[in-house]
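# Observations on the three-dimensional arrangement
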Amino acid sequence: QVQLVESGGGLVQTGGSLRLSCAASGRTFSNYAMGWFRQAPGKEREFVAAISRRGGSTYYADSVKGRFTISRDSAKNTVYLQMNGLKPEDTAVYYCAARSGPPALGHEYDYWGQGTQVTVSS
């Protein structure tokens, strides 16, 4: 069992930056690949970024590549999503997820957080 809690969401202007955090507890954090997903009103939940167990491999959706950076700190049992150059289209609830095995771009994750709202104005 893994518990995930997101934080760091909020309201920012177009072009601004935001750093999301996902704190994990329970089973060994390093055993899991981690991912970030988002869901806007009326839209399907979509993949944003993922990172392997040791952080050696990262993956990004085309829509965020070059603007977002996923990272993890095993000592803190935390995964981060640094978001730069934010656009209104980034407005969504952002969820972190944990998965046994390699990172996945789909929804094949075992554990999910409750989400944190990100709103980008203008």
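Data block above holds the structure.
Let us look at the structure shown here. Along each chain, the written sequence defines residue order, and numbers are assigned to residues from 1. Side-chain atom pairs in this predicted model are given and counted only at pLDDT of 80 or more, local residue features only at pLDDT of at least 70, and totals for whole chains, interfaces and linings cover all residues. The basis for the side-chain values is all heavy atoms of the structure; hydrogens and waters are excluded.

## Quick look at the overall build of the protein chain
Selection rule: Numbering goes from the N terminus for both helices and strands, where a helix is a DSSP run of H or I of at least four residues and a strand is a run of E of at least two. To get the radius of gyration, use the C-alpha atoms; to get the globule rule, take the number of residues to the power 0.38 and multiply by 2.2 Å. Only protein chains enter the accessibility calculation, which uses a 1.4 Å probe. A residue is then buried if its area is under 20% of the maximum for its type, exposed if over 50%, and partly exposed in between. Contact between two residues is taken to exist if any of their heavy atoms lie within 4.5 Å; hydrogens are not considered.
In terms of regular secondary structure, the protein chain is built from 0 helices and 11 strands. Secondary structure elements in the protein chain, listed N-terminal to C-terminal, are β-β-β-β-β-β-β-β-β-β-β. For a compact globule of 122 residues, the expected C-alpha radius of gyration is about 14 Å, and the protein chain comes in at 13 Å, within 12% of that figure. With respect to the three principal axes, the spread of C-alpha positions in the protein chain is 40 × 25 × 25 Å. Counting over 122 residues, the protein chain shows a buried share of 43%. For the protein chain, the share of sequence-separated contacts (at least 6 apart) that also reach a separation of at least 24 residues comes to 58%.

## Digging into the side chain of Glu6
This is how it is decided: Charge counting follows a simple rule: Lys and Arg are positive, Asp and Glu are negative, and His as well as the terminal groups are ignored. We define a salt bridge as a side-chain nitrogen of Lys or Arg found within 4 Å of a carboxyl oxygen belonging to Asp or Glu. Whenever two N or O atoms come within 3.5 Å, that pair is a polar contact, provided that in protein one can donate a hydrogen and the other can accept it, and provided that, for residues adjacent in sequence, both atoms are side-chain atoms.
Within the secondary structure layout, Glu6 lies in strand E1 (residues 2-7). Buried and without a salt bridge, Glu6 has Arg45 as its closest oppositely charged side chain, separated by 7.6 Å. Separated by 3.0 Å, the side chain of Glu6 and the backbone nitrogen of Gln114 make a polar contact. One polar contact links the side chain of Glu6 to the main-chain amide nitrogen of Gly115, over a distance of 2.8 Å. Not counting residues up to four positions away in its chain, the partners in contact with Glu6 are Ser21, Cys22, Trp36, Tyr94, Tyr95, Cys96, Gly113, Gln114, Gly115 and Thr116.

## A closer look at the state of the cysteines
Test applied: Disulfides are defined as pairs of cysteine sulfur atoms found within 2.5 Å of each other.
Here the structure, examined in full by the defined rule, presents 1 disulfide. Paired by a disulfide, Cys22 and Cys96 hold their sulfur atoms 2.0 Å apart. Since a negative S-S torsion denotes a left-handed disulfide, the Cys22-Cys96 link at about 55° is right-handed. Here Cys22, found in strand E3 (residues 18-26), pairs with Cys96, found in strand E9 (residues 92-100); they are 74 residues apart in sequence, far enough to count as distant. Using a relative accessible area of 0% as the deciding quantity, one classes Cys22 as buried.

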